[in-house]
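# Observations on the model geometry
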Amino acid sequence: MSVNTFRAALVVDGEYISAWQYWMLERLLASRSVVLVGVIFRKSVTGSCLRKVNTFVLNSLQYIDGKLFKCPVTARVPSSLLPLLGDVDLCEVGSKRYQTLLAGEPLDLAIDLSGQEPLPELMVASKHGVWRYFYGNPACLSDRYANIHEYADRRDEIISGVERCMVGQKIPECIFYATTSTDTVSINRGVERTLWKMADFIPQRLHELAQIGAADFSRNVRERIQPSSHPVRRYASVSPGLFITLRILWRYSNNFLRRLYNALFRNEQWILLTKTTENITDAGMPEHFHKWIPPRDRFWADPFVVEHSGEQYIFFEEMLYARGIGHLACVRLNADGSHSEPVTILERPYHLSYPFVFQHQGQYYLIPETAENHTVEVYRCEEFPHRWVFEKNLMEGVEAYDATLLEHDGRWWMFASMRQHQNCSPSEALYLFHADNPLSTEWQAHPQNPVVASAARARPAGRIFRDAGNLYRPSQNCAGVYGRGLNVNLIRQLDLQTYREDVVSSYLPDGEHDMNGMHTLGIGVGISVTDAVHVHRRLGMFDRWMARLT
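Only a predicted model underlies this, so the values are computations on that prediction, with no experimental measurement involved.

### Here's the deal with the environment of Leu-36
Note on placement: Leu-36 falls in strand S3 (residues 34–41). In sequence terms Leu-36 and Ala-110 are 74 residues apart; their C-alpha atoms lie 9.4 Å from each other. Not counting the four nearest positions on each side in its chain, Leu-36 is found in contact with Ala-8, Ala-9, Leu-10, Leu-29, Leu-85 and Val-88.

Encoded structure:
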């Protein structure tokens, strides 16, 4: 470890900061990787009358949104930072204490929450520069306007991140960014997901810097923020005005009508699709497939294909709507493409899904998704494919979704989608861990975590597969709506310091073949199995015409 503790200064425009910023600071200080040596107060910028009116209108809109959809913006509740500070020195810009802070022992960095341009003298005094958050594209430096443009423009994702300002740079350097799914109905839900998730950004990046050192950190930043993947970022010159507010109001009414129409004339159900496969990277393409439609009182999803004794079995999640939680089932695939009757193989008093089956030392094991129980559990097979017994918890006290194992270069790797706050989406941050044994309870976190921070491609979507010497990771596209589509990602680099992948194919069945989404890909011998949202249309051809029209 090249750095153990960072000396940091905090820049704010007053005693009160947003609740998500308070939580960020609380976690940062509890980690002991940062020593806060000073808090610098800047005078807040007085807004124009027009800006105050715009702010009032937007605040009123979000208040109404919170009442309608029971989602107030708790992330922006003002919180006094004084209880966290202890005996930390407080000073104002330009004061004698401020000058003493700058002239003393060098700072490693400054964290600026003021939403203003960075102080030049503070950039000089900070080894790693001034770090600050940005929100949206066009970017704002205040969390007040998060998700305003995205919701008004009907975008699927909200961009947010961290940039550092250093001496000699013409523009700030983006060191990390993430995308959050917008909500099709509520503006506040997108704000909540975005801001609470942002509380992780600076603590995680400082942890990465401490673990691997400045040189490798800068290399990871360059790899992570590639021109092809980094969104073009410009800064908003003014706060959102009346025109934006009117567009938001129009979207509210439009969304209400859409939801009413869907409730009256459509019914959606997760089903399974099978197809013969030659080109493995095109296995998820929703063409030339056979539909397996379950009874209308349930759905089937999360298929995994396992070959055993010359036969292929498909493990999947089955959920009866009346029961409300999923269990795991299995069928045998017949030579003519048909299947045996589903047999329940595992039930618990909490939700089960994503039956990841793997072999280790000749023994079959199963890792289901058990995020509701805050565990990552593994089960041992006693009689294939129907009898499984609990072996152990690989992790406890975590909310991990769709854990997927891979043996690579002598180590076992676990990929899982995770969230640190209940108001965040569980589908937008991919975490990576490694151990020397798949049954280990000592999984070590990768320093780049989250290694993928994107609503469009983070969450696992099936077993990682090899083809022509390459590793491919299926992932879900949850931008705009959960389970919107599938990606196949080529893993470019996987080691103890760096993870890189690129999307090589994507599938978004938006209404095609009466399907509105898919989110898991299973690969077998000459066959692929996916799940999909099947749309039952009560109005038939008229509904298809309406879908094309809208």
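### Digging into the packing of helix H2 (residues 49–69) against helix H9 (residues 242–265)
At their nearest, the axes of H2 and H9 sit 10 Å apart, and the two run at 15° to each other. On the basis of their axis angle, the class for H2 and H9 is roughly parallel. The handedness of the crossing between H2 and H9 comes out as left-handed. Counting all contacts with H2, which are made through Asn-54, Val-57, Leu-58, Leu-61, Asp-65 and Phe-69, the residues of H9 involved are Leu-242, Thr-245, Ile-248, Leu-249 and Tyr-252. Of the residues belonging to the contact of H2 with H9, the class tally is eight nonpolar, two polar and one charged.

### Notes on the pairing of strand S7 (residues 130–135)
Among the six residues in S7, six count as buried, and that is most of the element. In this structure, strand S6 (residues 109–112) lies alongside S7, joined through three bridges in parallel fashion. Residue Ala-110 lies in a different strand from S7, and its bridge partner there is Val-130. Judged from the six bridges that link them, S7 and strand S8 (residues 157–165) form a sheet pairing that is antiparallel. By the bridge assignment for S8, Tyr-135 is matched with Ser-160.

### Remarks on unusual backbone geometry
In this structure, Pro-385 follows Phe-384 across a cis peptide bond, with omega equal to 0°. Tracing the backbone through its elements, the reader meets Pro-385 in the loop between strand S18 (375–383) and strand S19 (387–396). Of note, the bond from Asn-449 into Pro-450 is cis; its omega dihedral lies within 30 degrees of zero at -5°. For Pro-450, the location among the structural elements is in the loop between strand S23 (444–445) and strand S24 (465–467). In this structure, Asp-402 is a non-glycine residue whose phi angle is positive, near 60°. Here Asp-402 is to be found in strand S20 (residues 400–408).

What counts, and at which threshold
- Residues numbered from 1 in each chain as written.
- Predicted model: local features only at pLDDT ≥ 70, side-chain atom pairs only at ≥ 80, totals over all residues.
- Heavy atoms only, no water.
- Helix = DSSP H or I, 4+ residues; strand = E, 2+ residues; numbered from the N terminus.
- Contact = heavy atoms within 4.5 Å.
- Axes fitted to C-alpha atoms, helices over the stretch in contact; angles between N-to-C directions.
- Parallel < 35°, antiparallel > 145°, perpendicular 65-115°, else oblique.
- Left-handed = near helix turned anticlockwise from the far one by under 90°.
- Nonpolar A, V, L, I, M, F, W, Y, C, P; charged D, E, K, R; others polar.
- Buried < 20%, exposed > 50% of the residue type's maximum accessible area, 1.4 Å probe, protein only.
- Pairing = 2+ DSSP bridges.

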